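# Structural characterization, general
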Amino acid sequence: MIETLNALAGGFANALSFQNLLFAFLGVAVGTLVGVLPGLGPSATLAILLPLTFTLPPAASLILFAGIYYGAKYGGSTTAILLNIPGESASVMTTLDGYALAKEGRAGPALGIAAISSFVAGTVGVIGLTFLAPVMAELAIEFGPPEFFGLMAFGLTTIVLLAGDSVLKGILSAVLGLLLATVGSDIVSGTARFTFGQLELLDGIDFVIVAIGVFAVAEVLVNVQRRSQHQLFTVPKKLRELLPSRDDLKRSRFAMAQSSVVGFFIGVLPGAGATVASFVSYGIEKRFSKRPEKLGKGAIEGVAAPEGANNSETGGAMVPLLTLGIPGSSATAIMLAALIIYGLQPGPQLFTEQPDLVWTIIASMYIGNVICVLLNLPLVPVFASILRVPYTYLYPGILVVCVVGVYSLSSSHFDLYLLLLFAVLGYVMRLLDVPPAPLLLAFVLGPLAETALAQSMVISGGSLTILLTRPISLVFLALAALLLLSTVAGRTNTFRTKVLEEAE
């Protein structure tokens, strides 16, 4: 412990130099901007900037990259809350309650609680990285394909929590998401599936296209169809009403605490990522909330949970990268490439051979979290004022952002046709009162579960019993079954009570 604290103090001494502080600030600022723009994402930004950082010292370069990584996590919440545009898959859960709060005139508190929760959970994640890295690295090694399948199965069962008033409609939405996830090439045989001869579909459908079409563009279409003449969004003029209240912070306490732990734990697992962390954290929040019926309709804790999880995941994702040399996401894969380019070999020896570099990076993540909240919290009133723009100008602006974001993915007109298709799909789903969140959850987790299952089958020689003989896998599958049964039983009991009351 003392040795760790001394090493961390040395890291702070280096990280607080003017040059490193400057790159930490630049990283957070660029990351926040990248997160606001749908389609670009931190991975693409890091890939673009990688050649430009070859002349920088390794510590400055990696501090810049880390700042972009967690700055983008917060930036994604801005468009999710204000415009219903989840620029990153990890921001999908934030749209559910964030956008509902914006429509109630509480965009400011939602943005504020996103910044505070990101800071709290992000700092907890870095504390976990500081003191638990060796232990968590050993745990990550224990996670093979069967354990991943169990985790993905648990994540998929949270669909019943996102189903709204009808479990059947939620399941139908999820099945549609799973079907969309099968488009592309088979992961084992390489055979094209449901591509209909279109080469553009061989790599599958990009998540950003589905999310923007089903959420953002469909929302614009629904509001235009209503031909509402009144101002859809009200934005308070008093600064006090633009920031989270004491009651908001009190309601978000459990969400911040559980998302800090969940985000870090899932971040440690290579391949899981912030998306899974935000889905699982939101599901836990809804399962144990004192007012679960409010989540999805404008609950402040529904913003705190996913935002906390996807920022805490950042600290967890650095554990396998620094201790094992295994990247947990595409962004950390580019950081791994940067380390190798600088002649450094990530792994257990990195802490002994390059202690100054490692602890400087870890210390800079503490500082970066502080910069992130200091940079974004004062901007909450500025961001919230976007909603004062009349809808006749706001909606065309949203559509332009959506089209530019999708086109920037691969500069393909085919992506724009897909965007139109998913916008119509989202519009029809809203007319039929079918929740879109289960579709996106299944679309994201489906391929991960399929890959884990295929790898498990290869390991076991085609026997499904491997999923039940591995303890961690068995625990996750049991939790999934428990969640499914308890939710269905609860809803059945509610329905029975309602019928009896009506009969009386």
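It should be emphasised that the depicted structure is a prediction, and the values quoted were computed from it without experimental measurement. (Residues numbered from 1 in each chain as written. Predicted model: local features only at pLDDT ≥ 70, side-chain atom pairs only at ≥ 80, totals over all residues. Heavy atoms only, no water.)

On to the overall build of the protein. When you go through the protein residue by residue, the secondary structure sums to 23 helices and two strands. Looking at the 504 residues of the protein, the share that counts as buried comes to 55%. Within the protein, residue pairs in contact and separated by at least 24 positions form 80% of the contacts whose partners lie at least 6 positions apart. When the accessible area of the protein is evaluated, it comes to approximately 21500 Å², of which 69% is carbon and sulfur surface. (Helix = DSSP H or I, 4+ residues; strand = E, 2+ residues; numbered from the N terminus. Buried < 20%, exposed > 50% of the residue type's maximum accessible area, 1.4 Å probe, protein only. Contact = heavy atoms within 4.5 Å. Areas by Shrake-Rupley, 256 points an atom, 1.4 Å probe, with all protein chains shown as cover.)

Further remarks concern unusual backbone geometry. For F194, which is not a glycine, the phi torsion comes out positive at approximately 50°. You can see F194 is positioned in the loop between β2 (192-193) and α10 (207-226). Judged by its relative accessible area of 49%, F194 falls in the partly exposed class. The phi dihedral of D433 falls on the positive side, at around 60°, and the residue is not glycine.

Attention now goes to the side chain of E313. Residue position: E313 is located in helix α14 (residues 301-324). When neighbours within four sequence positions are excluded, E313 is seen to be in contact with Y69, K73, G263, F264, G267, G273, A274 and A277.

Taking 1.5 Å per residue as the helical rise, helix α13 (residues 273-288) with its 16 residues ought to reach 22 Å, and the 23 Å between its terminal C-alpha atoms agrees with that figure. Counting buried residues along α13, 14 of its 16 residues qualify, which places the element largely inside the surrounding structure. (Expected span 1.5 Å × (residues − 1).)

On the surface, M1, I2, L5, I127, F131 and L132 cluster together into a nonpolar patch covering about 570 Å² of accessible area. Those elements that provide at least two residues to the nonpolar patch are α1 (2-15) and α6 (107-142). With three residues, the single largest contributor to the nonpolar patch is α6. Inspection of the secondary structure assignment puts F131 in helix α6. (Patch = residues over 30% accessible without salt bridge, like charges linked within 9 Å, V, L, I, M, F, W, Y side chains within 5 Å. Salt bridge = Lys/Arg side-chain N within 4 Å of Asp/Glu carboxyl O.)

Attention now moves to the environment of A59. On the secondary structure map, A59 appears in helix α4 (residues 58-83). Along the sequence, A59 and L357 sit 298 residues apart, while their C-alpha atoms lie 5.9 Å from each other. In contact with A59, other than residues within four places in its own chain, are L357 and T360.

Take the nonpolar core next. Soluble globular proteins tend to pack their nonpolar side chains together in the buried interior. By size, the foremost hydrophobic cluster in this structure holds 138 residues, and its most contacted members are I205 and I212. Ranked by residues supplied to this core, first place goes to α4 with 14 residues. (Core = buried A, V, L, I, M, F, W, Y, C linked by side-chain atoms within 4.5 Å.)

Two side chains that carry opposite charge are able to pair once their charged atoms sit near each other. Scanning the model with the defined rule gives six salt bridges in all. The shortest N-O distance in the salt bridge between R106 and D248 comes to 2.5 Å. You can see R106 sitting in the loop between α5 (92-103) and α6 and its partner D248 sitting in helix α11 (residues 246-251), a full 142 residues away along the chain. What makes R106 partly exposed here is its relative accessible area of 26%. What makes D248 buried here is its relative accessible area of 4%. Between R470 and E147 there is a salt bridge whose closest N-O contact spans 2.9 Å. Of this pair, R470 sits in the loop between α22 (466-469) and α23 (471-503) while E147 is found in helix α7 (residues 145-157), placing the two residues 323 residues apart along the sequence. On the basis of relative accessibility, which here comes to 3%, the residue E147 falls in the buried class.

The geometry of helix α9 (residues 167-181) relative to helix α21 (residues 437-460) is characterised by a closest axis approach of 7 Å and an angle of 40° between their N-to-C directions. As far as their axial angle goes, α21 and α9 are oblique. The two elements α9 and α21 meet at a crossing, and its hand is right-handed. On α21, the residues touching G170, S173, A174, L176, G177, L178, L180 and A181 of α9 are P438, L439, A442, F443, G446 and P447. Residue classes in the contact of α9 with α21 are distributed as 10 nonpolar, four polar and no charged. (Axes fitted to C-alpha atoms, helices over the stretch in contact; angles between N-to-C directions. Parallel < 35°, antiparallel > 145°, perpendicular 65-115°, else oblique. Left-handed = near helix turned anticlockwise from the far one by under 90°. Nonpolar A, V, L, I, M, F, W, Y, C, P; charged D, E, K, R; others polar.)

At a minimum axis distance of 8 Å, the contact between α7 and α21 shows a crossing angle of 155°. When the axes of α7 and α21 are compared, the pair comes out roughly antiparallel. In this structure, α7 meets α21 at a crossing whose hand is left-handed. In contact with P145, P146, F148, F149, M152, G155 and L156 of α7, α21 contributes L441, A442, L445, L448, A449, A452, L453, Q455, S456 and I459. Class assignment of the residues belonging to the contact of α7 with α21 gives a composition of 14 nonpolar, three polar and no charged.

Locating Q258 in the fold gives a position in helix α12 (residues 253-268). Residue classification places Q258 among the buried residues on the basis of a relative accessible area of 9%. Within polar-contact distance, the side chain of Q258 engages the backbone oxygen of S281 at 3.0 Å. The residues touching Q258, leaving out its near neighbours within four places in the chain, are S281, I284, E285 and A305. (Polar contact = N/O pair within 3.5 Å; in protein donor to acceptor, adjacent residues only side chain to side chain.)

Before going further, it helps to examine α21. Compared with an ideal rise of 1.5 Å per residue, which puts 24 residues at 34 Å, α21 spans 34 Å between its outermost C-alpha atoms and is within 8% of the ideal. Along α21, the sharpest change in direction is near 30° and occurs at L445; proline P447 comes one to four residues later. Where α21 ends, the next residue or the one after it, G461, has phi of about 75°, a positive value. (Bend = angle between axes of the 7 residues up to and from the residue.)

What follows covers the confidence of the model for the protein. Regions with low pLDDT should not have their predicted coordinates read in detail. Confidence in the prediction of the protein, expressed as mean pLDDT, is 79, and 84% of residues score 70 or more. Across the protein, the secondary-structure element scoring lowest on mean pLDDT is helix α3 (residues 41-49), at 67, and the one scoring highest is helix α20 (residues 413-431), at 90. (pLDDT = per-residue confidence, 0-100.)

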